Amino acid sequence: MTSRPDLRHPAARALGWLALIGVALGIGFGLFSAGALTATGVTSADLPPLAAPTKDPEPTPSPEPEPTPEEPQEDDTPKPKLTRVPGDRVAPGERFPIVGVLPSVDAGTELQIQVKDGDGPWDDFPVTVTARDGGSFETKIYTSRTGERKFRVIDKASGDNTPDIPVTIG
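The protein chain goes by Bacterial Ig domain-containing protein in an unreviewed UniProt entry, where it is assigned to Aeromicrobium duanguangcaii.

Structure below.
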């Protein structure tokens with residue numbers, strides 16, 4: 001004859017209830033933690049996919065940014081310039097335009113985008129852009145590193161570069 005635990009025994013019932021309460025608390029805590037992590041965004045970065053830098057076979061025409069009023073200059077030599085990002089603030093992972101002109105370069109010249117954090121050195125950003133006629137260029141970039149960052153575009157062969165523009169990420 002096999003012995004079967006008597007569920008009417010107070011100790012057996014107490015152990016059964018403790019096991020049931022433990023399972024319920026574990027499930028509740030797990031669901032609460034998963035919801036809290038998802039709500040704070042800790043479980044994912046939600047960044048757009050990285051695309052390998054490619055050279056456009058034929059750049060698509062885009063509207064030229066409106067020139068900003070500048071003080072009259074003594075000579076008519078075109079100056080390098082970089083257009084400010086609309087609003088000067090973007091969210092981490094949000095794409096933003098880098099548009100400008102480096103008149104000293106020929107069409108087809110590969111230009112390097114550089115970034116500077118604080119008082120640190122200029123670092124190559126992992127994106128290049130090809131100059132069009134007149135040294136104009138346009139691309140979109142994004143970064144998830146937050147804070148005030150400065151961007152510029154440089155022709156590494158000649159060392160000519162655009163003025164930098166500050167962008168606040170975050």
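Additional details are given in the paragraphs that follow.
Peer 1: Go over the overall build of the protein chain, please, and point to the residues and values.
Peer 2: The number of helices and strands found in the protein chain is one helix and eight strands. Going from N to C terminus, the protein chain has its helices and strands arranged as α-β-β-β-β-β-β-β-β. Taking all 170 residues of the protein chain together, the buried fraction comes to 23%. When contacts within the protein chain are restricted to residue pairs at least 6 apart in sequence, those whose partners lie at least 24 apart make up 61%. Total accessible area computed for the protein chain in this model is approximately 12200 Å², and 58% of it derives from carbon and sulfur atoms.

Peer 1: Summarise the nonpolar core; cite the residues concerned and give the values.
Peer 2: The tendency in soluble globular proteins is for nonpolar side chains to be buried side by side. By size, the foremost hydrophobic cluster in this structure holds 21 residues, and its most contacted members are Phe96, Ile98 and Phe151. With near-sequence residues (within four places) excluded, isoleucine 98 lies in contact with Leu82, Ile113, Phe137, Glu138, Thr139, Ile141, Phe151, Val153 and Ile165.

Peer 1: Before we move on, can you summarise the pattern of salt bridges with the specific residues and values?
Peer 2: By the definition in use, this model includes four salt bridges. Arginine 145 is the salt-bridge partner of aspartate 117, the closest N and O atoms lying 2.9 Å from each other. Linking aspartate 117 in strand β4 (residues 110-117) with arginine 145 in the loop between β6 (136-141) and β7 (147-154), this pair joins segments that are 28 residues apart in sequence. Between lysine 156 and aspartate 124 there is a salt bridge; the shortest N-O distance is 2.5 Å. Placement of the pair is lysine 156 in the loop between β7 and β8 (165-169) and aspartate 124 in strand β5 (residues 123-130), with a sequence separation of 32 residues. Accessibility expressed as a relative area gives 40% for aspartate 124, which makes it partly exposed.

Peer 1: So what's going on with the environment of isoleucine 154? Residues and values would help.
Peer 2: You can see isoleucine 154 is positioned in strand β7. On the basis of relative accessibility, which here comes to 9%, the residue isoleucine 154 falls in the buried class. Measuring from C-alpha to C-alpha, the distance between isoleucine 154 and leucine 102 comes to 8.3 Å, with 52 residues separating the pair along the chain.

Peer 1: Explain the sheet that holds strand β3 (residues 96-101) residue by residue, including any values.
Peer 2: Strand order in the open sheet formed by three strands is β1-β3-β6, and the pairing between neighbours is antiparallel. What marks the edges here is a single partner per strand, and that holds for β1 (81-82) and β6. As paired strands, β1 and β3 are joined by two bridges and run antiparallel to one another. Residue lysine 81 lies in a different strand from β3, and its bridge partner there is valine 101.

Peer 1: An account of the confidence of the model for the protein chain is requested, with residue identities and associated values reported.
Peer 2: The share of residues in the protein chain with pLDDT of 70 or more is 72%, and the mean pLDDT across the chain is 80. At the low end of the mean pLDDT range in the protein chain sits helix α1 (residues 10-40), at 82; at the high end sits β4, at 94.

Conventions we followed
Residues numbered from 1 in each chain as written. Predicted model: local features only at pLDDT ≥ 70, side-chain atom pairs only at ≥ 80, totals over all residues. Heavy atoms only, no water. Helix = DSSP H or I, 4+ residues; strand = E, 2+ residues; numbered from the N terminus. Buried < 20%, exposed > 50% of the residue type's maximum accessible area, 1.4 Å probe, protein only. Contact = heavy atoms within 4.5 Å. Areas by Shrake-Rupley, 256 points an atom, 1.4 Å probe, with all protein chains shown as cover. Core = buried A, V, L, I, M, F, W, Y, C linked by side-chain atoms within 4.5 Å. Salt bridge = Lys/Arg side-chain N within 4 Å of Asp/Glu carboxyl O. Pairing = 2+ DSSP bridges. pLDDT = per-residue confidence, 0-100.

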